[in-house]
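# Examining the three-dimensional arrangement
The lines below spell out each chain.
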Amino acid sequence: MTTTNQTLFEKSQQLIPGGVNSPVRAFRSVGGTPVFFKKGLGSKLWDVDGKEYIDYINSWGPMILGHAHPEVVAAVQAAAANSLSFGAPTGLELEMAELINKLVPSMEQVRLNSSGTEATMSAIRTARGFTGRDKIIKFEGCYHGHSDGLLVKAGSGLLTFGEPDSGGVPASVAAHTLTLEYNNTQQLEEIFRQMGDEIACVIIEPVVGNMNLIVPHMEFLQTLRALCTKHGTVLIFDEVMTGFRVALGGAQSLYNIQPDMTTLGKVIGGGLPVGAFGGRKDIMQCLAPVGKVYQAGTLSGNPVAVSAGLTTLKLIQAAGFYDKLTAQTKKLMDGLVEAAKQVGVTFSAQSVGGMFGLYFSQTCPSSYAEIMRDNNKAHFNQFFHSMLDSGIYLGPSAFEAGFVSAAHTDGDIAYTIEAARKAFAMLA
Ligand code: KE4
């Protein structure tokens, strides 16, 4: 029997490349037909066939309060009634800048835009304008959005400049990007010895969520901070995913490392399009109309989107919010690890705040090479579909992180662990 999902997917592919507006949604990594949703409330989603799911994607991070939180919906409705957009300054943007500065003090000045991609692209351009340098460093397995200079893979030799990792990216653009190994301190020291004074910025996910969850070694982050300081290189923490997800102050507060710039997204829009970049005032003063670095956006600081974000950021400041979210996420991890162990399936898991990683490997990987080598993708895909059948919606890729919201109840966690017990048994 053809489901509505299948019918919609069939039709969508006629008019939308791959039938989706963002590639990961197409289920290419896990196979099968993507689920089309029509409603979300709290921790739950309902697809177009009316099937209910517990949601562990949270729209890839933004829905930290759960879906359709009444106060967020009310704020959006109130803002919308005053017009959806002005293209002119509003007091809401000042309120958002003040709140971001309060919660992330390293962001002395901040500019809003409409996506994480815009935020990272703008931050890198600002760092280049501030330093007068062209070269940038990123890390294999980290994703910072789809601007040309970031769709770059490691060159032939690990210490050589990048090659395009996507069609349409000119080699001349990729040539300015150096891609290093995450958590490889020695390589970092070597490249800065060679050309530290030529590097405009280093952009890094301080906790990685885009090659599954990978946590940093303290020594790696501390060395990175010291080398950037020594060579006048701008250190950019891309906290689009970790910002307000791993802790109220983001990963920089967890690891007590102060970057020169930070990029944000996802949670700060509460589900609507908001990105932000900011940092040291001397760097941000390079931006037009004050300085010479151009950056703009028709809907930057949009009042409806900012209203959703402001309400979300106010609610996550509640006492104990992160203690509860962290504990709930860890309870899920512990339950999954125990369930796999009971049937002898090779599985590990870890979490940082409200984001988690599931691995079909003996231990939790700590680098791109390890996760590509050790994580049994076929087992993940089988597990993914078994859980989907049981009404559990995980990220459709073995190389994505998962997310828990404040709306996930003890019952949700218990049901998920029971569904996993069944899924693991099919792998044993
Ligand atoms: P957006 O342009 O998608 O808003 O943000 C790009 C971005 C930047 N930095 C980090 C650390 C990110 O995780 C992202 C986007 N994350 C992906 C999830 N793997 C978004 C999902 C998608 O591409 O559909």
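Note that this is a predicted model, so its numbers are computed, not measured.

### Some thoughts on the site of the ligand
Among the 16 residues in the neighbourhood of the ligand, the closest are listed as Ser22, Thr117, Asn210, Asp238 and Glu400. Here Asp238 contributes a side-chain N or O atom positioned 2.7 Å from a nitrogen atom of the ligand. Here Lys266 contributes a side-chain N or O atom positioned 3.1 Å from a nitrogen atom of the ligand. The protein chains hide 85% of the 540 Å² of surface that the ligand would expose on its own. Looking at the shell around the ligand residue by residue, the classes come out as five nonpolar, seven polar and four charged. Each of domain 1 (4-64 + 319-427) and domain 2 (70-315) accounts for three or more of the residues forming the shell around the ligand.

### Some details on helix H3 (residues 91-103)
Three- or four-residue spacings in an α-helix give side chains the same orientation, since the helix completes a turn every 3.6 residues. End to end, H3 covers 18 Å across 13 residues, agreeing with the expected 18 Å (1.5 Å per residue, within 8%). Those residues of H3 not exposed but buried are Met96, Leu99, Ile100 and Leu103. Seen along its axis, H3 keeps its buried residues to an arc of 100 degrees; they face one direction. Exposed side chains of H3 directed beyond 90 degrees from the buried face belong to Gly91, Leu94 and Lys102. Those residues of H3 hidden inside the fold are in contact with strand S4 (109-113), strand S11 (261-264), strand S12 (275-279) and helix H10 (303-315).

### As for unusual backbone geometry
That bond from Ala288 to Pro289 is cis: its omega, 5 degrees, falls within 30 degrees of zero. Within the secondary structure layout, Pro289 lies in the loop between helix H9 (281-284) and H10. Notably, Phe244 is not glycine yet its phi reads approximately 60 degrees, a positive angle. Relative to the helices and strands, Phe244 is located in the loop between strand S10 (234-238) and helix H8 (251-255). In this structure, Asn256 is a non-glycine residue whose phi angle is positive, near 55 degrees.

### Considering the domain arrangement of the chain
As far as domains go, the chain holds domain 1 (4-64 + 319-427) and domain 2 (70-315). Distance between the C-alpha centres of domain 1 and domain 2: 26 Å. With 31 residues of domain 1 at the interface, the matching set in domain 2 holds 28 residues. Surface buried jointly by domain 1 and domain 2 totals about 2,200 Å² across both partners, of which 62% is contributed by carbon and sulfur atoms. Inspection of the domain 1/domain 2 interface yields zero salt bridges.

### Let's talk about the layout of surface pockets
Its boundaries defined by the atoms lining it, the second largest pocket holds a volume of some 410 Å³. Considering the residues around the second largest pocket, the lining is formed by 18 residues, among which Glu93, Val110, Arg111, Leu112 and Gln295 are closest to the centre. Of all the secondary structure elements, the ones that give two or more residues to the lining of the second largest pocket are H3 and S4. Counted by class, the lining of the second largest pocket contains eight nonpolar, six polar and four charged residues.

### Quick look at the pairing of strand S1 (residues 37-41)
Where S1 lies against strand S2 (residues 44-47), four bridges are found, and the strand directions are antiparallel. Paired with Lys39 across the bridge in S2 is Trp46. Once S1 ends, the chain turns through two residues before running back antiparallel as S2, passing Gly42 with a positive phi of about 60 degrees.

### Some points on the sheet that holds S1
Pairing is mixed across the open sheet formed by four strands, whose spatial order is S1-S2-S3-S15. Only two strands of the sheet have a single neighbouring strand rather than two, namely S1 and strand S15 (392-393). Bridging between S2 and strand S3 (residues 52-55) involves three bridges; their strand directions are antiparallel. When the sheet's bridge partners are listed, Lys44 is paired in S3 with Ile54.

Thresholds, definitions, all that
- Residues numbered from 1 in each chain as written.
- Predicted model: local features only at pLDDT ≥ 70, side-chain atom pairs only at ≥ 80, totals over all residues.
- Heavy atoms only, no water.
- Near = heavy atom within 4 Å.
- Polar contact = N/O pair within 3.5 Å; in protein donor to acceptor, adjacent residues only side chain to side chain.
- Areas by Shrake-Rupley, 256 points an atom, 1.4 Å probe, with all protein chains shown as cover.
- Nonpolar A, V, L, I, M, F, W, Y, C, P; charged D, E, K, R; others polar.
- Domains from an automatic or database assignment.
- Helix = DSSP H or I, 4+ residues; strand = E, 2+ residues; numbered from the N terminus.
- Expected span 1.5 Å × (residues − 1).
- Buried < 20%, exposed > 50% of the residue type's maximum accessible area, 1.4 Å probe, protein only.
- Arc of directions from axis to C-beta.
- Contact = heavy atoms within 4.5 Å.
- Buried area = accessible area lost by both parts, 1.4 Å probe.
- Salt bridge = Lys/Arg side-chain N within 4 Å of Asp/Glu carboxyl O.
- 1 Å grid on protein atoms, 1.4 Å probe; cavity = no way out; pocket = protein on both sides within 12 Å on 5 of 7 lines; lining within 4 Å.
- Points joined across faces, edges and corners; volume = space filled by probe spheres on them.
- Pairing = 2+ DSSP bridges.

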